[in-house]
Amino acid sequence: MVEIELDGKAVEVPQGSMVMHAATKLGTYIPHFCYHKKLSIAANCRMCLVEVEKAPKPLPACATPVTQGMKVFTHSAKAVEAQRSVMEFLLINHPLDCPICDQGGECQLQDLAVGYGKSNSRYEEDKRVVFHKNVGPLISMQEMSRCIHCTRCVRFGQEVAGVMELGMVNRGEHSEITTFTGQTIDSELSGNMIDLCPVGALTSKPFRYAARTWELGRKRSVSPHDSLGANATVQTKANKVMRVVALDNEEINECWISDRDRFSYEGLNSTDRVTTPMVKQGGQWLETDWESAMNYVAHSLKTISAENGPEAIGALAHPISSTEELHLLQKLVRGLGSNQVETRLRQTDVTGSASAPWLGMPIAQVSGLDRALVIGSFLRKDQPLIALRMRAAAKRNLQVLRIDAGGDDWLMPSVGIAASPGAWLNALSEVAQAVAKAKSTSVPSGTISLPVTASAQKIADSLLSGTTSSVLLGSATVAHPHASDLHVLAQFIAEQTGATLGFLPVGGNAVGASLVNANGAGVNSILSGDRRAVLLMNIEPDADLPNALQARAALAKANTVIALSAFKSPDLLEVADVILPISTYTETVSTFVNAEGRTQTIQPAVKPLGDSRPAWKVLRVLGGLLNLDGFLFNSPEEVLGEALSENDLNKLSNQSTAAGLGNTNLSPAKGLERISDVGIYAGDPIVRRSSALQLTRDAKRSNQLGLGQALFNELGLKEGDAVRVTQDGHSIDLPATLESYLAAGTVRISAGTHANAQLGPMFGSVTVSKA
C-alpha cells in the first residue's frame, strides 16, 4: 500500500493505483470525461488535471501513479485554472444545441460547464461540422459535432464487447469517431456506448425525442430475458415505459446490460397487447368480461377433469413468468390431481435431469475461473454478460474450452471440438475417457469406447491442470435429444477434474421455476395429444416450443386451450379458445431467481394496461372457482412467502439422477444435421415485439440459413441466395448466409422464427438444395 495526501487528507491505496483511484476512495470528485472505472486509461480529455506538489505543471489524475508521500491538490487555484482552460477548449467547437439535445439534463459536459465554463466564448471562427452516420437501428450518431473524442465508445468495443466497431480517423480538430466504411454497430452489448457517452453524440434511436430526463419516473427492475437477472432502471412517463438503462450491481451485471435488456421495452407497448378477456365462439373471437371468461375456464376444467381424469389437464409456462405466477400455476394443476406442468419448453429429454439446475457458483466467480469447458452453448448470444466476464477472464489466464457445432465467434480465444450435434456424445465420451485414464478410474456405464483424438486429449489435459475450473452445459445441450447422456458425462468430467458443474439456464426465471416445482412430466408428455385441456402462460406455440408442428397438432386435439397472455399472435389465436390478458413484469410485483440462485423482487413501474390483470391474481381467482384449497392470498408477498423459503438455496442441484448412459449404440446421423439456436431477439414474447431489435443484424441472421464453407461452395451460393431446406417432409426456402466456423455436415436453422414453425424439431436430419 502507498499513502498519499489528497487535499490535506491522508489515504492509502495499492501500489500502481492512480491519483483518480485515491480520490474515489476518499469520495473526492475530480471532473473527468474519458476516465471510466471499467475501461483502460486514455488520458485524452485532460479534464482531470490536478496540482501535484513539486510537479512543474498540472497532471492528469487518471494517469498519474501514486508515490509514497505524494501531495495532491484537486481544487487549488492552479488545478481549477487548468480545468477551466480544458473546458474552454472542449467548448470551442461544441454546438450550442442543449435545448434540442437528447442528452440535455443528464450530460456530463453540461454539468461541468456550469462549474468550469465561462459565460462567453473567445472563439470567433466557424465551428466545425461532423456529418451524421447511420450505424444501425439502436444507436443514433446524428449529431457527431457534439463528440469530444473521449474514446470511451472505442475502448468499450475493443476491451469489453470484444469487437472493434468504432474508431477514430484523422487528426486534431478533424478527428472523427466512426465505423469502418459502410459498417453498422452490431454488438449485442452496443447500447452501453450510449450510457458511456458523456455528451449527446451517441444517443438511443428508439428513445430519440420521446421524453426529457426530468419528466421520467424511475423504478429499479430486473431483466427477465435471460437467467443472469441483470439489474436495470425502468424509466416511465404517462404510464408508459420509455427507456431502460443499466443499474450498477458488481455481483451480477457490473454496470452493463445487453441490448436485449435495454431495448426490449418497445415490446411492452406493442399493438399486439391483449387488454380485454377474449373467448372464441364459432371460430370468431369475441371480447367479454372477466367474470364470464373465468366462469367459462373453471367450468371447462371441471368438466374435462371429471370426464377424462385429472391427468387430462396440462400446463406450459414460459420461464419469463414470475415466481409467484409459476407457483400458483403448478399449485392449480397439481390441485386438480395432474403432474402435467412444465417450464423447460425446449428440453425433450428429461430422463435423470437435475432437480434444480443452476450456474453452480456465484456469477462473480466466473471472472476468476482459469478453465471453463462450455458444452453446447451459443454463449455470446444466450448469455451476453456471462460471455463478457469470461472474455475479461480470458485476457488474464482463463482457458476457454468448447464442444459445440461451431458457427459462433465468442470474441475470445478458445479451443475445442466443432462437431455436428449427433457427434457431441462421442466427443464428450473421448474427453471422459482421457480424464478417466489420467485419474485411473472407469467411465460411466454405457459410455461409448472410442479412440481419444488430440482435441479431446487437449481439453482433458487443460481441465486436469486447472485450479478453478467449471464445466457448463448450455442451451443446445439442454435441448439435445440425448441431453441426459451429455449431462452424465459432463458430471463425471467435472467430478474427476475438481471442476464445478453448472448449467447456463434458459429463461429469466428458469431456476425459480425449478424451486417452486413448476416442472413435471416434460414438454413431450404435455404435447403428446393426450391432454384435453391445456393452460398456456406467456407461451406462443410457434416460437416457444421445440416442434411447432407437433405442438399445433397436440393443441388442436385438446377440447380447451386457455392462454394467459399479455399478447396475441396468429398462432395463439389459432390454437386457443380463451385468452386471459395478464400483466407484464413491469406492471406487477415480480420475483425472479437468477442463475446463481439469487432472489430479486421488483415493484411495478406502470399500471396494468387496459383491463389486464397480474397473472397471480388470475390464478388465485381460478383456484377459488375450482374449489381448491390454499388460494386465499391477499398479496403477491403472501404468495412468495409460500413459494420460497430461506432454505431454498439448499435445493439447488445440478446432479443427474441417471445411473449411466442410456444410448450405448448411438451413432451420428447420416447426411446433414440441423443445429438450432434460439435467436437472441426471439426468446420471449416481449423481445420478439421490439421493433428496433428486430431490425438488427442478429435478428436478420435468425431468419437466414447458416451453411459451412464446404456446403456453401458445393451449392455454388452467394450471400443471400435462396436455399430450399427440407425436414420431415416439410420444406421452406430461406436466404443463405456463410458461417465459416460451422462444423462440417451441419446446417443452422434458428428456432423461434416463422421458418422454424414450418419445419420439424430443433435437431434431426435435413436436406438442402439451391432453390
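Residues numbered from 1 in each chain as written. Predicted model: local features only at pLDDT ≥ 70, side-chain atom pairs only at ≥ 80, totals over all residues. Heavy atoms only, no water.

Describing the pattern of salt bridges
Here's step 1: Scanning all chains against the criterion turns up 38 salt bridges.
Here's step 2: Across the salt bridge formed by D542 and R552, the nearest N and O atoms sit 2.5 Å from each other. Taken as a pair, D542 in helix α17 (residues 541-544) and R552 in helix α18 (residues 548-557) lie far apart in primary sequence, 10 residues in all.
Here's step 3: A salt bridge links K651 to D648, with the shortest nitrogen-to-oxygen separation between them at 2.8 Å.
Here's step 4: Sharing partners across several salt bridges, the network here consists of D272, E540, D544, R688 and R689. (Salt bridge = Lys/Arg side-chain N within 4 Å of Asp/Glu carboxyl O. Helix = DSSP H or I, 4+ residues; strand = E, 2+ residues; numbered from the N terminus.)

Thoughts on the packing of helix α8 (residues 323-335) against helix α21 (residues 636-643)
Here's step 1: One way to put it is that α8 packs onto α21 with a least axis distance of 9 Å and a crossing angle of 65°. One finds that α8 runs roughly perpendicular with respect to α21. The two elements α8 and α21 meet at a crossing, and its hand is left-handed. Facing T323, E324, H327, L328 and K331 of α8, the residues of α21 in contact are P636, V639, L640, E642 and A643.
Here's step 2: Its residues placed into classes, the contact of α8 with α21 shows 5 nonpolar, 2 polar and 3 charged. (Axes fitted to C-alpha atoms, helices over the stretch in contact; angles between N-to-C directions. Parallel < 35°, antiparallel > 145°, perpendicular 65-115°, else oblique. Left-handed = near helix turned anticlockwise from the far one by under 90°. Contact = heavy atoms within 4.5 Å. Nonpolar A, V, L, I, M, F, W, Y, C, P; charged D, E, K, R; others polar.)

Observations concerning the sheet that holds strand β31 (residues 730-738)
Here's step 1: Around the barrel, 6 strands lie side by side as β28-β32-β29-β31-β30-β33; this closed barrel has mixed pairing. Here the average twist between neighbouring strands, direction ignored, is 45°. (Pairing = 2+ DSSP bridges.)

Focus: the side chain of S221
Here's step 1: Summarising the element assignment, S221 is placed in strand β11 (residues 217-222).
Here's step 2: In this structure S221 comes out as buried when scored by relative accessible area, which is 5%.
Here's step 3: Setting aside anything within four residues of it in sequence, one finds S221 in contact with A230, N231, A232, V234, Y585 and I602. (Buried < 20%, exposed > 50% of the residue type's maximum accessible area, 1.4 Å probe, protein only.)

Re helix α10 (residues 384-394)
Every α-helix winds through 3.6 residues per turn, so residues three or four apart in the chain are directed the same way.
Here's step 1: Within α10, 10 of the 11 residues are buried, which leaves it mostly tucked inside the rest of the structure.
Here's step 2: Every buried residue belonging to α10 is among P384, L385, I386, A387, L388, R389, M390, R391, A393 and A394, and all of these are buried.
Here's step 3: At its buried positions, α10 is contacted by α4 (152-161), α6 (259-263), β18 (371-375), α9 (379-382) and β19 (399-404).

Here's the deal with the pairing of strand β16 (residues 313-317)
Across a regular strand the side chains alternate sides, sitting on one face of the sheet and then on the other.
Here's step 1: The element β16 is largely enclosed, with a buried count of 5 among its 5 residues.
Here's step 2: Every second residue of β16 is oriented toward a common face, with I313, A315 and A317 on one face and G314 and L316 on the other, all of them buried.
Here's step 3: Note: β16 against strand β23 (residues 533-537), 5 bridges, orientation parallel. Bridging from a neighbouring strand, L316 pairs with L536 of β23.
Here's step 4: Two strands pair when backbone bridges link them, and β16 and strand β17 (residues 341-342) are joined in this way by 2 bridges, in the parallel orientation. Note on β17: the bridge partner recorded for A315 is V341.
Here's step 5: Handedness of the crossover joining β16 and β17 through α8: right-handed. (Right-handed = clockwise from strand over helix to strand, strands pointing away.)

Description of the UniProt feature "domain: 4Fe-4S His(Cys)3-ligated-type" (unreviewed entry) in the protein
Here's step 1: Sequence positions flagged by UniProt for "domain: 4Fe-4S His(Cys)3-ligated-type" (unreviewed entry) are, in local numbering, residues 78-117.
Here's step 2: Secondary structure within residues 78-117 divides into 60% helix and 0% strand; the distance between the first and last C-alpha atoms comes to 16 Å. (UniProt positions renumbered as here; feature names shortened; annotations may be inferred.)

A short note on the pairing of strand β24 (residues 560-565)
Here's step 1: With respect to burial, β24 is a largely interior element, 6 of its 6 residues being buried.
Here's step 2: The alternating pattern of β24 places T560, I562 and L564 on one face and V561, A563 and S565 on the opposite face, and all of these are buried.
Here's step 3: Sheet topology places β23 next to β24; 5 bridges connect them, and they run parallel. By the bridge assignment, L535 is partnered in β24 with I562.
Here's step 4: Here 4 bridges tie β24 to strand β25 (residues 578-581), and the two strands are oriented parallel to one another. Each bridged residue has a counterpart across the sheet, and for A563 the counterpart in β25 is I579.
Here's step 5: Considered for its hand, the β-α-β crossover made up of β24, helix α19 (residues 570-575) and β25 is right-handed.

Notes on the packing of aromatic side chains
Ring pairs (aromatic) are described by centroid distance and by the angle formed between their planes.
Here's step 1: With the rule as written, the count across this model stands at 1 aromatic pair.
Here's step 2: Consider the rings of F156 and W256, whose centres lie 5.1 Å apart with planes at 55°: the pair is tilted. Pair noted here: F156 is in helix α4 and W256 is in the loop between β13 (240-246) and α6, with a separation of 100 residues, a long-range link. As far as burial versus exposure is concerned, F156 and W256 are alike and both buried.
Here's step 3: The residue whose ring lies beneath K331 is F631, and the NZ or CZ to ring-centre distance is 5.4 Å.
Here's step 4: We note R402 situated over the ring of W410; from NZ or CZ to the ring centre the distance is 3.8 Å. (Phe/Tyr/Trp six-rings, centres within 6.5 Å; stacked < 30°, edge-to-face > 60°. Lys NZ or Arg CZ within 6 Å of the ring centre and 35° of its normal.)

As for the domain arrangement of the protein
Here's step 1: You can read the domains of the protein as domain 1 (278-352 + 510-648), domain 2 (359-503) and domain 3 (672-770).
Here's step 2: Here domain 1 and domain 2 have C-alpha centroids that lie 34 Å from each other.
Here's step 3: Of the roughly 720 Å² buried at the junction of domain 1 and domain 2 (both faces included), carbon and sulfur atoms supply 48%.
Here's step 4: Across the contact surface, domain 1 and domain 2 share 0 salt bridges.
Here's step 5: Tallied by class, the residues present in the side of domain 1 that touches domain 2 amount to 1 nonpolar, 5 polar and 3 charged. (Domains from an automatic or database assignment. Buried area = accessible area lost by both parts, 1.4 Å probe.)

Examining the environment of G498
Here's step 1: In this structure, G498 sits in the loop between α14 (483-497) and β22 (500-503).
Here's step 2: Judged by relative accessible area, which is 57%, G498 ranks as exposed.
Here's step 3: Sequence separation between G498 and S465 is 33 residues, and the spatial gap between their C-alpha atoms is 10.0 Å.

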